Amino acid sequence: MNILTLDASQFSALVQTVSSILEKTGFIITPSVIETLRHSCSELDREELSVLIDIAIHTRKAQYQDQYKEVLPWYFTEQTLMQCSEPSFATYAMSILDVKGLRVVESCTGAGMHALSALKEGAADVMSHETNPVIGYIATINAGLHGYVLEPTIMDGALANVSSEDIFWADPSRRKDMQHRKGLTGYYSPELEVLISKARMSKRGGIKIAPGERIEGDLTREFLGIGRECREQILWFHTSIVDGQVTLIDKQKTFIPQGAELIPDLVGHESIAQYQYILEPHRALIRGSLSANYAEFGIAVFDRNIAYGLSHEQKDIDWYVHFNILHCERFSRKRLQELLLDLDWNAKTEIKKRGFPMEPDEVRKQLKFSESDQAGVIILTRCNDDHVMILCKRI
């Protein structure tokens with residue numbers, strides 16, 4: 001049997017058969033389970049059975065992840081589940097690209113989430129490319145389950161033809177082998193240089209890369225967050241996005257920096273306690289234009305290389321975690337112990353650090369806590385050449 005020739009109902013039935021057998025053992029693969037699967041799915045060869053097991057396991061994992069509930073049924077492999085954007089992120093990307101009535105050229109199909117979003121947003125056509133025929137086939141099945149036609153071309157996305165009238169999108173695979181790393185930072189296939197050149201020749205384009213990548217050059221970067229995490233970074237081309245822009249997908253909030261040259265006020269460690277709050281910014285904001293954000297909203301810093309901010313008033317809680325400052329001075333383990341006794345804080349006290357030479361657990365082992373029901377937060381950080389300790393309460 002060639003599973004790539006099955007229609008959606010046949011494929012779904014086959015995956016269900018494999019899943020039902022795996023469920024009886026809690027999805028634990030043993031020789032006896034393999035033998036049962038071979039007997040029940042005798043028409044499959046070993047490679048096809050391995051593919052179906054992969055799909056059954058990772059589709060089940062996705063079913064227990066809230067972010068994919070809105071697109072179920074949807075099939076995943078280990079690779080596509082690991083790299084797939086959440087539906088809300090894919091919808092956001094296609095809305096920024098304004099795909100309605102235009103052809104979308106996609107370099108890397110993956111699970112097909114962005115292709116489906118493009119079709120839902122009214123794209124005239126989606127020309128998707130995928131090197132793995134199994135992944136391309138599953139993307140076709142997924143789109144069909146939602147009433148759309150998607151037939152990826154099985155070829156390297158680096159060879160995709162892009163015109164100045166096309167919308168270009170790429171979510172390149174992350175390579176696991178460091179030996180393949182070259183050019184721009186990161187492990188990507190196709191190479192980022194190739195994808196960037198295609199995006200630049202398109203009408204509008206976007207390339208999803210890892211949120212921690214720092215790529216130099218004349219590029220426009222946006223950082224996307226959800227919860228307290230920075231989940232994605234997108235390189236945009238010919239759109240209205242401003243470099244360093246940050247969007248919280250779940251909160252539908254966006255920070256647009258007004259100028260990269262803006263910098264916040266800088267204060268010494270002796271002034272920290274004069275502020276009421278120390279702020280811990282959203283991770284997406286840290287990746288984006290944090291300095292411009294602090295400058296625009298009147299938030300000071302005590303070290304330009306440390307992300308913590310200082311404020312006399314509470315700010316938007318979606319962007320910042322607030323801690324009420326109780327005390328601040330240069331770090332001393334002996335003095336810290338005295339303060340803990342005075343405050344009567346117990347072992348549930350948090351210890352956080354930025355720019356501090358010791359790990360929180362290492363510091364914790366050197367301290368004694370009370371048996372009270374009171375706990376606080378100890379922030380260990382750096383202020384220029386000094387290491388300081390800030391004792392505070394989480395708001």
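Going by the structure above, here's the rest.
Read on for an overview of the structure.

### What about the nonpolar core?
If you look at soluble globular proteins, the nonpolar side chains tend to sit buried side by side. Core analysis: the largest hydrophobic core is formed by 26 residues, its most contacted members being F11, V18, L22, L37 and I53. Sorting the residues of this core by element identifies α1 (8–23), α2 (31–40), α3 (46–63) and α7 (133–145) as the ones contributing at least two each. In terms of residue count, the dominant contributor to this core is α3 (seven residues). Ignoring sequence-local partners within four residues, the contact set of L37 consists of V18, I21, L22, L49 and I53. Membership of the second largest hydrophobic core comes to 24 residues, among which are F89, L102, V104 and I234.

### Points about helix α11 (residues 333–343)
Among the residues making up α11, those that are buried are L336, Q337, L339 and L340. One face of α11 carries all of its buried residues, which in axial projection span an arc of 160°. When the buried face of α11 is taken as reference, the exposed residues oriented beyond 90 degrees from it are K334, L341 and D342. Looking at the packing, one finds that the buried side of α11 touches β13 (320–330), α12 (360–364), β15 (377–383) and β16 (386–394).

### Concerning unusual backbone geometry
Cis geometry is adopted by the peptide bond preceding P73, which originates at L72 and carries an omega value of 0°. Here P73 lies in the loop between α3 and α4 (78–83). Omega for the bond connecting S189 with P190 falls within 30 degrees of zero, at 0°, which places this linkage in the cis form. For P190, the position within the fold is in the loop between β5 (188–189) and α8 (192–201). Positive phi, normally seen in glycine, also occurs at D98, with a value near 50°. Residue position: D98 is located in the loop between α5 (87–97) and β1 (103–106). Located in the positive-phi region is Q252, a residue other than glycine, with phi close to 55°. For Q252, a relative accessible area of 74% translates into the label exposed.

### Quick notes on the pairing of strand β7 (residues 220–226)
The buried fraction of β7 amounts to six of the seven residues, a majority that puts the element mostly inside the structure. Sheet topology note: the β7/strand β8 (residues 229–237) ladder contains seven bridges and is antiparallel. The residue of β8 that forms the bridge with T220 is W236. Hairpin geometry of β7 and β8 is characterised by an intervening segment of two residues between the two adjacent antiparallel strands and by a positive phi of about 60° at G227. With four bridges connecting them, β7 and strand β9 (residues 245–248) associate as parallel partners.

### Some thoughts on the pattern of salt bridges
Between side chains of opposite charge, a pair can form as their charged atoms come close. As enumerated under the stated definition, the model contains 18 salt bridges in all. Of the charged contacts in the structure, one is a salt bridge between E338 and R335, with a shortest N-O distance of 3.3 Å. Linking E338 with R335, this pair stays in helix α11, spanning three residues, or about one helical turn. Exposure remark for E338: the relative accessible area of 36% places this residue in the partly exposed category. On the accessibility criterion, R335 (26% relative accessible area) is partly exposed.

### Some thoughts on the packing of α2 against α3
Relative placement of two packed helices is described by the angle separating their axes and the distance separating the axes. For the pair α2 and α3, the least separation of the axes is 11 Å and the interaxial angle reads 110°. Here α3 runs roughly perpendicular to α2, going by the angle between their axes. Along this stretch, α2 crosses α3, giving a crossing that reads as right-handed. Each of I34, L37 and R38 in α2 lies in contact with α3, whose residues at this interface are R46, L49 and I53. Residue composition of the contact of α2 with α3, by class: four nonpolar, no polar and two charged.

Conventions we followed
- Residues numbered from 1 in each chain as written.
- Predicted model: local features only at pLDDT ≥ 70, side-chain atom pairs only at ≥ 80, totals over all residues.
- Heavy atoms only, no water.
- Core = buried A, V, L, I, M, F, W, Y, C linked by side-chain atoms within 4.5 Å.
- Buried < 20%, exposed > 50% of the residue type's maximum accessible area, 1.4 Å probe, protein only.
- Helix = DSSP H or I, 4+ residues; strand = E, 2+ residues; numbered from the N terminus.
- Contact = heavy atoms within 4.5 Å.
- Arc of directions from axis to C-beta.
- Pairing = 2+ DSSP bridges.
- Salt bridge = Lys/Arg side-chain N within 4 Å of Asp/Glu carboxyl O.
- Axes fitted to C-alpha atoms, helices over the stretch in contact; angles between N-to-C directions.
- Parallel < 35°, antiparallel > 145°, perpendicular 65-115°, else oblique.
- Left-handed = near helix turned anticlockwise from the far one by under 90°.
- Nonpolar A, V, L, I, M, F, W, Y, C, P; charged D, E, K, R; others polar.

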